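Each chain is listed here by its residues.
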Amino acid sequence: MTFATIDADRPLRGVVAGAGFIGGHWAPELLAHPGTELVGWVDVAEERARAAARELGLDDLPVSASLTAVLDGEEPDFLVNCTVPQAHHEVTLTALRRGVSVLSEKPMAVTLDQARSMVRAADDARRLFAVNQNRRFMPGLIAFRRTVAELGPLGLMTSEFFMPYRGPAFLDTLEHPLVQDMAIHLFDAARAVSGTDPVSVYCESFQAPWTWYPGACSATAIFEMTGGLRYTFTGSWSAPGRPTSWTGNWRAAGARGTACWDGDGDPTADAAIGHVVRPHKQEPDPYPGRNRYTGLAEGLEEFVTGLRTGRPPQGECHDNIHSLAMVTAALESVRTGSRVAITV
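Described in the following lines is the structure provided in the data block. As the structure is a prediction and not an experimental result, all values here were calculated from the model.

1. Structural notes on the packing of aromatic side chains
The description of two aromatic rings rests on the distance between their centres and on the angle between their planes.
Thought 1: Scanning all chains against the criterion turns up 13 aromatic pairs.
Thought 2: Here Phe-187 and Phe-233 contribute two aromatic rings whose centre-to-centre distance is 5.4 Å and whose plane-to-plane angle is 85°, an arrangement assigned as edge-to-face. Of this pair, Phe-187 sits in helix H7 (residues 177-194) while Phe-233 sits in strand E10 (residues 230-236), placing them 46 residues apart in sequence. With respect to burial, Phe-187 and Phe-233 carry one shared label: buried.
Thought 3: Ring geometry for Tyr-213 and Trp-237: centres 6.3 Å apart, planes at 15°, overall stacked. One end of the pair, Tyr-213, is in the loop between strand E8 (198-206) and strand E9 (218-225); the other, Trp-237, is in the loop between E10 and strand E11 (249-254), with 24 residues separating them in the sequence.
Thought 4: For Tyr-213, a relative accessible area of 4% corresponds to the buried category.

Set out below in structure tokens:
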């Protein structure tokens, strides 16, 4: 896609929508970035936004429960959508239709139809719309991605995610909390690492006997990806011991060898006979010593660069919709008990 760029010699004006946990991390990033300024904060509970602004010493920052009031009053260049997933569709469309670019937290939307309408709105408005998949910026995942690139054509990739997680109350309202809320991080990482897109999926989501979740918090999914790759995900949010990292355990097998990554340290690799595979090391943290939520500063930098240059950032909506489609197709497979073709 092409979108309008901003070449004005001034910081880009940003508004944060949502003053909960993640909104409280994004606002400081806008304040810290030399090319952006925070000009407004919106939350359905206006006092929550006001209190969050005060904590940052921003007593005079415009805050409101009305998104349109802040967008029309402050005329921002972009909005960071930190609202709950059920509100992503409405908030993003409201901004795009007013000519405001959007950087959103995952997932893009709750349904694929909603996501499609958001992509169309971005195209119609000629504005940048991207989803920040923060794990793409983890030094370990970047090193694993570079190592996997040396394996040649891939045949198999697996990720395992096991965590004894007792999360926020909204997870108890989900029928399939692991697939609906968490799995997109690993699905998107699989796309980033392999350079492939999903073709079809068979998924089972179920309740372990010992789980503390009302919904099905364990799942296994087999994806066919472009190029013939098979990617398998298995995980649980009620794991009774030996947890993985929050990024999971990974293994990729290609024509030239195999690479593994534990989600924390440097990847390892073994080459097939007659080949050489070089495991890549993690690069130093580009933001050392800063108390931050991993991947936000990098995501903001890519987004701002995109607005200035027209170069799409990772997570640009036409690309990220494929990651959401992996989630929605997996849920359809759970419901139907059959393999589901994935189209966007």
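2. Remarks on the sheet that holds E8
Thought 1: Taken together, the eight strands give an open sheet; going across it, the order is E13-E12-E11-E7-E10-E9-E8-E14, and neighbouring strands pair in mixed fashion. Two strands bound the open sheet, and with one partner strand each, they are strand E13 (268-271) and strand E14 (340-341).
Thought 2: Sitting on the sheet, helix H6 (residues 139-148) is in contact with strand E7 (154-162), E11, strand E12 (257-261) and E13, with an inclination near 175° to E12.
Thought 3: Packed on one face of the sheet, H7 meets E7, E8, E9, E10 and E11 and runs near 145° to E10.

3. With respect to the side chain of Ser-238
Thought 1: As for its position among the elements, Ser-238 is in the loop between E10 and E11.
Thought 2: Under the relative-accessibility criterion, Ser-238 is labelled buried at 0%.
Thought 3: A polar atom in the side chain of Ser-238 sits 2.7 Å from the side chain of Thr-211.
Thought 4: The contact partners of Ser-238, leaving out residues within four places of it in the chain, are Met-163, Trp-210, Thr-211, Trp-212, Tyr-213 and Cys-217.

4. Focus on the sheet that holds strand E2 (residues 36-42)
Thought 1: Strand order in the open sheet formed by six strands is E3-E2-E1-E4-E5-E6, with parallel pairing between adjacent strands. The sheet is open, and its two edges are formed by strand E3 (63-64) and strand E6 (129-131), each paired on a single side.
Thought 2: Of the pairings in the sheet, the one linking strand E4 (residues 78-81) to strand E5 (residues 101-104) comprises four bridges and is parallel in character. Among the inter-strand pairings, Val-80 is bridged to a residue of E5, identified as Leu-103.

5. Comments concerning helix H2 (residues 46-55)
Thought 1: Listed as buried for H2 are Ala-49, Ala-52 and Ala-53. Axial view of H2: buried residues confined to an arc of 100°, hence all on one face.
Thought 2: For H2, the elements touching its buried residues are E2 and E3.
Thought 3: Where H2 ends, the next residue or the one after it, Gly-57, has phi of about 75°, a positive value.

6. So, the nonpolar core
Thought 1: If you look at the biggest cluster of nonpolar residues, it comprises 74 residues, and the most contacted ones within it are Leu-79, Met-108 and Tyr-231.
Thought 2: For this core, the leading source of residues is H7, giving ten residues.
Thought 3: Filtering out sequence-adjacent residues up to four positions away, Met-108 remains in contact with His-88, Ala-115, Met-118, Val-119, Phe-129, Val-131, Cys-317, Asn-320, Ile-321 and Leu-324.
Thought 4: By size, the runner-up hydrophobic cluster in this structure holds 28 residues, among which are Ala-19, Leu-30, Leu-58 and Leu-296.

7. Section: the packing of helix H3 (residues 67-74) against helix H4 (residues 85-96)
Thought 1: Between H3 and H4, whose axes approach to 11 Å, the crossing angle comes to 25°. With respect to each other, H3 and H4 are oriented roughly parallel. Judged by the sense of rotation from one axis to the other, the crossing of H3 with H4 is right-handed. Packed against H3, whose contacting residues are Leu-67, Thr-68 and Leu-71, the element H4 presents Val-91, Thr-94 and Ala-95 at the interface.
Thought 2: Residues that form the contact of H3 with H4 fall into these classes: four nonpolar, two polar and no charged.

8. Observations regarding the pattern of salt bridges
Thought 1: Under the counting rule described, the total for this entry stands at 18 salt bridges.
Thought 2: Between Asp-43 and Arg-48 there is a salt bridge, with the nearest N and O atoms lying 2.7 Å from each other.
Thought 3: With a relative accessible area of 5%, Asp-43 lands in the buried category.
Thought 4: Taking the shortest distance from any N to any O, the salt bridge between Arg-191 and Asp-319 comes out at 2.8 Å. Placement of Arg-191 in helix H7 and of Asp-319 in helix H9 (residues 317-336) is noted, with a sequence separation of 128 residues between them.
Thought 5: With a relative accessible area of 29%, Asp-319 lands in the partly exposed category.

9. Quick word on the pairing of strand E1 (residues 12-17)
Along any regular strand, the residues point their side chains to alternate faces of the sheet.
Thought 1: The buried count for E1 comes to five of six residues, which makes it a mostly enclosed element.
Thought 2: For the crossover from E1 across helix H1 (residues 21-32) to E2, the handedness is right-handed.
Thought 3: Pairing geometry for E1 and E4, over four bridges, is parallel. In the sheet register, Val-15 faces E4, and the bridge partner there is Leu-79.

10. Describing unusual backbone geometry
Thought 1: In this structure, the amide linkage connecting Lys-106 to the following residue, Pro-107, adopts the cis form with an omega of -10°.
Thought 2: Among the structural elements, Pro-107 can be located in the loop between E5 and helix H5 (112-125).
Thought 3: Within the chain, Glu-75 stands out as a residue other than glycine whose phi angle is a positive 50°.
Thought 4: Positionally, Glu-75 belongs in the loop between H3 and E4.
Thought 5: We classify Glu-75 as exposed; its relative accessible area is 61%.

Analysis parameters
- Residues numbered from 1 in each chain as written.
- Predicted model: local features only at pLDDT ≥ 70, side-chain atom pairs only at ≥ 80, totals over all residues.
- Heavy atoms only, no water.
- Phe/Tyr/Trp six-rings, centres within 6.5 Å; stacked < 30°, edge-to-face > 60°.
- Helix = DSSP H or I, 4+ residues; strand = E, 2+ residues; numbered from the N terminus.
- Buried < 20%, exposed > 50% of the residue type's maximum accessible area, 1.4 Å probe, protein only.
- Pairing = 2+ DSSP bridges.
- Contact = heavy atoms within 4.5 Å.
- Axes fitted to C-alpha atoms, helices over the stretch in contact; angles between N-to-C directions.
- Polar contact = N/O pair within 3.5 Å; in protein donor to acceptor, adjacent residues only side chain to side chain.
- Arc of directions from axis to C-beta.
- Core = buried A, V, L, I, M, F, W, Y, C linked by side-chain atoms within 4.5 Å.
- Parallel < 35°, antiparallel > 145°, perpendicular 65-115°, else oblique.
- Left-handed = near helix turned anticlockwise from the far one by under 90°.
- Nonpolar A, V, L, I, M, F, W, Y, C, P; charged D, E, K, R; others polar.
- Salt bridge = Lys/Arg side-chain N within 4 Å of Asp/Glu carboxyl O.
- Right-handed = clockwise from strand over helix to strand, strands pointing away.

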